[in-house]
Number of protein chains: 2
Amino acid sequence: MMFQHDEPVLELTDEQSWKLLENTKHGRIVLTAAGETDIFPINYLAHDGRLLMRSAPGTKLAEVTINENVVFETDGIASDEAWSVVIKGTARVLQSGDEIEAAEKLGLKSWIPTLKDFYIELKPVQLSGRHFILGDQPER
Amino acid sequence: MMFQHDEPVLELTDEQSWKLLENTKHGRIVLTAAGETDIFPINYLAHDGRLLMRSAPGTKLAEVTINENVVFETDGIASDEAWSVVIKGTARVLQSGDEIEAAEKLGLKSWIPTLKDFYIELKPVQLSGRHFILGDQPER
């Protein structure tokens, strides 16, 4: 068990949530534009209190410029436990050469073998993490 | 490899997507209410072209009554491949005794050991599935 607790659900501290974020490589990003909500699986890298992702030009993901407010989720599940970390924050496409160079040095690998020309940075506004002990529903 | 294709991304047929949905037990549900987007990990059961989930009273999840339009995502990742299925649809809390009884007979297990008093049914309006071949970004 990653975290010990008696109740089925434990709210994680920010530190615990970041540890999970840093040790995970893929999650999902939720975008909302013109009343339409979309969710995309994505690989990412947690660094310096932010998430870094890559996107190909022309994908919906590159459209964070329409609405910068995004939600990100990553989770893990094992036989007897599960966890989930959710970030609400703002996403922006890295523009300056310096920023892009710094991002490239972090070595975020592309998930699928296509050209990914944009780096997207997600800056958290709100972070929440939960750990679940899995099991059967109690008898009433 | 679950699906053979040459390009990095394959759009799956509905049949392929349902097969993946039926063989997976957990995903994430995205709810939007009053301009706020939330995402929750959830276990589910795919049956008869719909998804069945359970929710405890008082959770945000039970608030699908505010906005029935939800997005659901489930995915899987292995060393060299990944897949993701997204459903956009309408969710409703099962109300009638007959419906609840039928749902109970399907044997959807609760994920965490708390009392879950509601059954939520997700009826797809739009289904999309993709399979990814993982690998390094091509040289330019």
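Note that this is a predicted model, so its numbers are computed, not measured. (Residues numbered from 1 in each chain as written. Chains lettered and ligands numbered in written order. Predicted model: local features only at pLDDT ≥ 70, side-chain atom pairs only at ≥ 80, totals over all residues. Heavy atoms only, no water.)

Visitor: Could you give me a rundown of the relation of the copies chain A and chain B, with the residues and numbers involved?
Guide: The transformation that overlays chain A on chain B combines an axial shift of 0.0 Å with a rotation of 180 degrees, and the residual RMSD is 0.0 Å. Taken together, the rotation angle and the small translation identify this as a two-fold axis. Among all residues of chain A, the minimum C-alpha distance to the rotation axis is found for Val30 of chain A, at 4.1 Å. Of all interface residues in chain A, 100% are interface residues in chain B too; the two copies therefore contact each other through one and the same surface. (Least-squares fit on C-alpha atoms with pLDDT ≥ 70 in both. Contact = heavy atoms within 4.5 Å.)

Visitor: I'd love a proper account of the pattern of salt bridges, names of residues and values included.
Guide: Inspection of the entire model under this criterion finds 20 salt bridges over all chains. Among the salt bridges present, the one from Asp75 of chain A reaches Arg28 of chain A, with a minimum N-O distance of 3.6 Å. Taken together, the positions of Asp75 of chain A in strand β5 (residues 69-77) and Arg28 of chain A in strand β2 (residues 26-33) put the pair 47 residues apart, joining distant regions of the chain. Of the residues examined, Asp75 of chain A reaches a relative accessible area of 13% and is grouped as buried. Here the salt bridges share partners, and the residues they tie into one network are Arg28, Glu73 and Asp75 of chain A together with Arg28, Glu73 and Asp75 of chain B. (Salt bridge = Lys/Arg side-chain N within 4 Å of Asp/Glu carboxyl O. Helix = DSSP H or I, 4+ residues; strand = E, 2+ residues; numbered from the N terminus. Buried < 20%, exposed > 50% of the residue type's maximum accessible area, 1.4 Å probe, protein only.)

Visitor: Which residues make up the interface of chain A and chain B, and what are the values?
Guide: Taken together, the contact pairs 39 residues of chain A with 39 residues of chain B. Contact between chain A and chain B buries roughly 3500 Å² in total, counting both sides, with carbon and sulfur atoms accounting for 61%. Summed over the shared surface of chain A and chain B, the result is eight salt bridges. Between Arg28 of chain B and Glu73 of chain A there is a salt bridge, with its nearest N and O atoms 3.5 Å apart. (Buried area = accessible area lost by both parts, 1.4 Å probe.)

Visitor: Any details on the environment of Ala33 of chain B? Residues and values, ideally.
Guide: All names here are of chain B. On the secondary structure map, Ala33 appears in strand β2 (residues 26-33). Relative accessible area serves as the criterion here: at 25%, Ala33 is assigned to the partly exposed category. For the pair Ala33 and Asn69, spaced 36 residues apart in the sequence, the C-alpha separation amounts to 9.5 Å.

Visitor: Describe the side chain of Thr32 of chain B, listing the residues and the values that go with them.
Guide: Position of Thr32 of chain B relative to the elements: it lies in strand β2. Among all residues touching Thr32 of chain B, those that are not within four sequence positions of it are Thr37 of chain A together with Thr37 and Asn67 of chain B.

Visitor: Could you give me a rundown of the pairing of strand β3 (residues 36-47) of chain A, with the residues and numbers involved?
Guide: Residues and elements named next belong to chain A. The buried count for β3 comes to 10 of 12 residues, which makes it a mostly enclosed element. Sheet analysis places β2 next to β3, joined by eight bridges and oriented antiparallel. When the bridges of β3 are listed, Thr32 appears paired with Thr37. Following β2, the chain reverses through two residues before pairing antiparallel with β3; Ala34 in that reversal takes a positive phi of roughly 55 degrees. Between β3 and strand β4 (residues 50-55), which pair antiparallel in sequence order, lie two residues; one of them, Asp48, sits at a positive phi of approximately 55 degrees. (Pairing = 2+ DSSP bridges.)

Visitor: Tell me what's going on with the packing of aromatic side chains, and back it up with residues and numbers.
Guide: Residues and elements named next belong to chain A. Enumeration according to the criterion identifies two aromatic pairs over all chains in this entry. Judged by centre distance (5.0 Å) and plane angle (75 degrees), the ring pair of Tyr44 and Phe72 falls under edge-to-face. Of the two residues, Tyr44 is situated in strand β3 and Phe72 in strand β5; the sequence distance between them amounts to 28 residues. (Phe/Tyr/Trp six-rings, centres within 6.5 Å; stacked < 30°, edge-to-face > 60°.)

Visitor: Any chance you could break down the confidence of the model for chain A for me, citing the residues and the numbers?
Guide: Averaged over all residues, the pLDDT of chain A is 89; the fraction at 70 or higher stands at 93%. Mean pLDDT across the elements of chain A ranges from a minimum in helix α2 (residues 97-105) of chain A, with 90, to a maximum in helix α1 (residues 14-22) of chain A, with 97. (pLDDT = per-residue confidence, 0-100.)

Visitor: Run through the environment of Asn69 of chain B, naming residues and quoting values.
Guide: All names here are of chain B. Tracing the backbone shows Asn69 in strand β5 (residues 69-77). Residue Asn69 is classed as partly exposed on the basis of its relative accessible area, which comes to 45%. The contact partners of Asn69, leaving out residues within four places of it in the chain, are Gly89 and Thr90.

Visitor: Describe α1 of chain A, and please don't skip the residues or the numbers.
Guide: All names here are of chain A. For α1, the full list of buried residues reads Ser17, Trp18, Leu20 and Leu21. Viewed end-on, α1 has its buried residues packed into an arc of 160 degrees, placing them on one side of the element. Structural note: α1 exposes Glu15 and Lys19 on the side pointing more than 90 degrees away from its buried face. In the core, the buried residues of α1 are packed alongside β1 (9-12), β3, β4, β5, β6 (81-93) and β7 (118-133). (Arc of directions from axis to C-beta.)

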